[in-house]
Amino acid sequence: MIPSKIHLEVVTPERRVFERDVDEVILPGALGMFGVLPGHAPMLSELRAGVATCHGSFGREVMAISAGFAEVTPERVTVMAETCERAEEIDIARAEAMVEELEEEIRKPETDPEIVRLRLMKHLARVQAKRTSAGS
Amino acid sequence: MANNTRELRRRIRSIRNTAQLTRAMKMVSAAKLRRAQDAMMGARPYAAALKRTLVGVARRSDPSLSPLLAQREQKVVDLIVVTADRGLCGSFNANIIKRAEAWREAQQGREVHLTLLGRKAADYYRRRPHIKVRETITGYAREVSVQMASALAEKFEQRFIAGETDGVYLAFNEFKSVIAQRIVIEPLLPFGELEKVLDEQQREGAEATGHVDYIYEPEPQVLLAKVISRFLAFEVYHALLESTAAEHAARMTAMDSASRNASELIDKLTLEMNRLRQASITTEIIEVVSGAQALG
């Protein structure tokens, strides 16, 4: 039988960010964005920094996550992220400032572009999450 | 006589001041302990999810493929010692250093490198320059961060993969309760060692994950390395949280008993002072009375 809802739990080492029954989850997988509906086949996926969205009876929730993992079962999705912020918690001005700063930094020859790129992706995701959420 | 009571009064005043200090420190520690405990509680759901994932992936992949699982003869080992930055917390720091030293001495024939967290360990080993210390980190406890823990764990991962070390162990004070700490020396690498510890916990928990066929993205071997590396970072983070909570608890208990001792001492000295005063009054009265009698 296909369950009607997915129990979504988003956790970071610091706190449980989000826990609710939802209809749909869209996550930034390492191999591309993917959506999960109730009854999805069990899956374990690596996540990259990006925007996670879920829809439910409460409307829509947008979150910015940095790298982590997601465990999917037919009735449950557990997102283990290094960091995660809900769109409403993000200070857009500061996030944009961070992005600018990192874009500057990545051009400098002495920095390790890989590390800066990861940080840049994380902050870009925050900006994107805020904009997506505001645009709704 | 008058001199003596003045001396006593001065001592009482000084003890009272100290008691005020210890009481204030106790309150501060209690507040900090609550924060540290909240952080530990916050980490719990993540820990559970990550552990479940790890056990699941590990079961499904070929262990020979991950360099972190390599089992070599442990010739060079690393010990990370987590202490506090500050004292006045009973035997908290002394105990962990003592245990770390005992452990180090028990590693016969192995080369032991230390990584020290907290100023207290740094101070101790500065006076013993013949012991090899890789790195000291102080000031971590003000705000325990995942980033810092990840950076540290990653360093050891790379050392392990590069063959610079064959085993990494972590020594820290575990927060058992407000009045009790337990010193734990836990293996981090090779991962096989940690897995044994996990297995035992798993058996206690008796949660059979079932043999569902998962889809893995990317494939289990690649994922395994990543999950392990996240797990190591988390273990370090967790140890730091435990240690800070234990530190505040230890300080709270130490300051509590200090306050109690101070008030006992004040009572004793006050009693002594009153006795002295009484004695001097009595002598004076006797002097006056016998003087009057002599006149009469």
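Please read all numbers here as calculations on a predicted model, not as lab measurements. (Residues numbered from 1 in each chain as written. Chains lettered and ligands numbered in written order. Predicted model: local features only at pLDDT ≥ 70, side-chain atom pairs only at ≥ 80, totals over all residues. Heavy atoms only, no water.)

**What to know about the interface of chain A and chain B**
Put simply, the rule is: Contact criterion: two residues are considered in contact whenever any of their non-hydrogen atoms come within 4.5 Å of each other. Note on terms: buried area is the combined drop in 1.4 Å-probe accessible area of two parts once they are placed together, counting the loss on both. Between Lys or Arg on one side and Asp or Glu on the other, a salt bridge is scored when a side-chain nitrogen of the former is within 4 Å of a carboxyl oxygen of the latter. Residues adjacent in sequence count toward polar contacts only when both atoms are side-chain atoms; beyond that, a polar contact is any pair of N or O atoms within 3.5 Å, and within protein one must be able to donate a hydrogen and the other to accept it.
Tallying the contact residues gives 25 residues for chain A and 25 residues for chain B. Both sides together, the interface formed by chain A and chain B hides about 2,200 Å², and carbon and sulfur atoms give 64% of it. Considering only the side of chain A, the residues that lose the most area to chain B are A:P13, A:L44 and A:F69, jointly responsible for 30% of the buried surface there. Among the ionic pairs, B:R52 bridges to A:E71, the shortest N-O distance being 2.9 Å. At the surface where chain A touches chain B, the tally comes to eight residue pairs in polar contact (both at pLDDT 80 or more).

**Brief notes about the nonpolar core**
The condition that has to hold: Put simply, a nonpolar core is a bunch of buried Ala, Val, Leu, Ile, Met, Phe, Trp, Tyr and Cys residues held in one set by side-chain atoms that sit within 4.5 Å of each other. Per-residue accessibility, obtained with a 1.4 Å probe over protein chains only, is compared with the maximum for each type, and a residue is labelled buried under 20%, exposed over 50%, and partly exposed between these values. Think of it this way: any DSSP run of H or I at least four residues long counts as a helix, any run of E at least two long counts as a strand, and we number them from the N terminus.
Counting 60 residues, the largest nonpolar core has B:L50, B:I80, B:L117, B:I228 and B:Y237 as the members making the most contacts within it. The set of elements that each furnish at least two residues to this core consists of α1 (2-60), β1 (76-82), α4 (146-162), β4 (167-177), β5 (180-189) and α6 (220-295) of chain B. For this core, the element with the most residues is α6(B), which contributes 18 residues. The residues touching B:Y237, leaving out its near neighbours within four places in the chain, are A:P13, A:E14, B:A43, B:V144, B:S145, B:V146 and B:A149. Counting 22 residues, the second-largest nonpolar core is a separate cluster that includes A:V10, A:V17, A:I65 and A:V72.

**Some points on the domain arrangement of chain A**
Residues and elements named next belong to chain A. The criterion, for reference: Bear in mind that the domain bounds are from an automatic or database domain assignment.
For chain A, the domain assignment lists domain 1 (6-87) and domain 2 (90-134). Each of domain 1 and domain 2 has a C-alpha centre, and these two points are 21 Å apart. Taken together, the contact pairs 14 residues of domain 1 with 10 residues of domain 2. Here domain 1 meets domain 2 over a buried area of about 930 Å², counting both sides, of which 65% is carbon and sulfur. Among the residues domain 1 hides against domain 2, the three largest losses belong to V51, E85 and A87. Together they make up 43% of the total. The interface formed by domain 1 and domain 2 contains one salt bridge. The salt bridge partner of R126 is E85, with a shortest N-O separation of 2.7 Å. Here domain 1 is connected to domain 2 by four residue pairs in polar contact (both at pLDDT 80 or more). Those elements that place two or more of their residues in the side of domain 1 that touches domain 2 are β6 (50-56), β7 (59-65) and β10 (84-86). A total of five residues in the side of domain 1 that touches domain 2 trace back to one element, the largest contributor, which is β7.

**A short note on the packing of aromatic side chains**
Any pair of aromatic rings gets described here by the distance separating the centres and the angle formed by the planes. Residue and element names in this part refer to chain B. Worth spelling out the cut-off: Whether two aromatic rings pair depends on their centres lying within 6.5 Å, for rings of Phe, Tyr and Trp, where Trp uses its six-membered ring; planes under 30 degrees apart make the pair stacked, over 60 edge-to-face, and the rest tilted. Lysine NZ or arginine CZ positioned within 6 Å of the ring centre and within 35 degrees of the ring normal marks a charge as sitting over the ring.
What the rule picks out here adds up to five aromatic pairs over all chains. Plain terms: the ring middles of Y46 and F234 are 5.2 Å apart, the flat faces sit at 50° to each other, and that makes the pair tilted. In this pair, Y46 is assigned in helix α1 and F234 in helix α6, connecting sequence segments 188 residues apart. Look at F234 and you get buried, because its relative accessible area is 4%. Cluster of aromatic residues (ring-pair linked, three or more members): Y46, F234 and Y237. Over the aromatic face of Y124 sits the side chain of R128, whose NZ or CZ is 3.7 Å from the ring centroid. Lying across the ring of F156, R159 places its NZ or CZ 4.9 Å from the centre.

**Re a negative patch on the surface**
Residues and elements named next belong to chain A. For the record, the criterion: Patches draw on residues past 30% relative accessible area with no salt bridge. Two like charges within 9 Å are joined, as are two nonpolar side chains (Val, Leu, Ile, Met, Phe, Trp, Tyr) within 5 Å. We get accessible surface area from the Shrake-Rupley algorithm with a probe of 1.4 Å; when it comes to residues, only the shown protein chains can shield them. Two residue types count as positive, namely Lys and Arg, and two as negative, namely Asp and Glu; His and chain ends fall outside the count. Charged groups are reduced to one reference atom each: NZ for lysine, CZ for arginine, CG for aspartic acid, CD for glutamic acid.
On the surface, E100, E101, E103 and E104 cluster together into a patch of negative charge. Of note, E101 is situated in helix α1 (residues 92-107). Judged by its relative accessible area of 47%, E101 is partly exposed.

**Looking at the side chain of B:T244**
On the secondary structure map, B:T244 appears in helix α6. When near neighbours in sequence (up to four residues on either side) are disregarded, B:T244 contacts B:A141 and B:V144.

**Digging into the domain arrangement of chain B**
All names here are of chain B. Here is the rule: Each residue receives one of three labels: charged for Asp, Glu, Lys and Arg, nonpolar for Ala, Val, Leu, Ile, Met, Phe, Trp, Tyr, Cys and Pro, and polar for the others, Gly being one of them.
One can read the domain layout of chain B as domain 1 (2-26 + 252-288) and domain 2 (34-247). Placing the centre of domain 1 and that of domain 2 at their C-alpha centroids yields a distance of 48 Å. Both sides of the domain 1 and domain 2 interface together cover about 370 Å² of buried area, and 73% of this is carbon and sulfur. Between domain 1 and domain 2 we count zero salt bridges in total. The interface formed by domain 1 and domain 2 includes zero residue pairs in polar contact (both at pLDDT 80 or more). With four residues, the top contributor of residues to the side of domain 1 that touches domain 2 is α6. Its residues placed into classes, the side of domain 1 that touches domain 2 shows four nonpolar, one polar and no charged.

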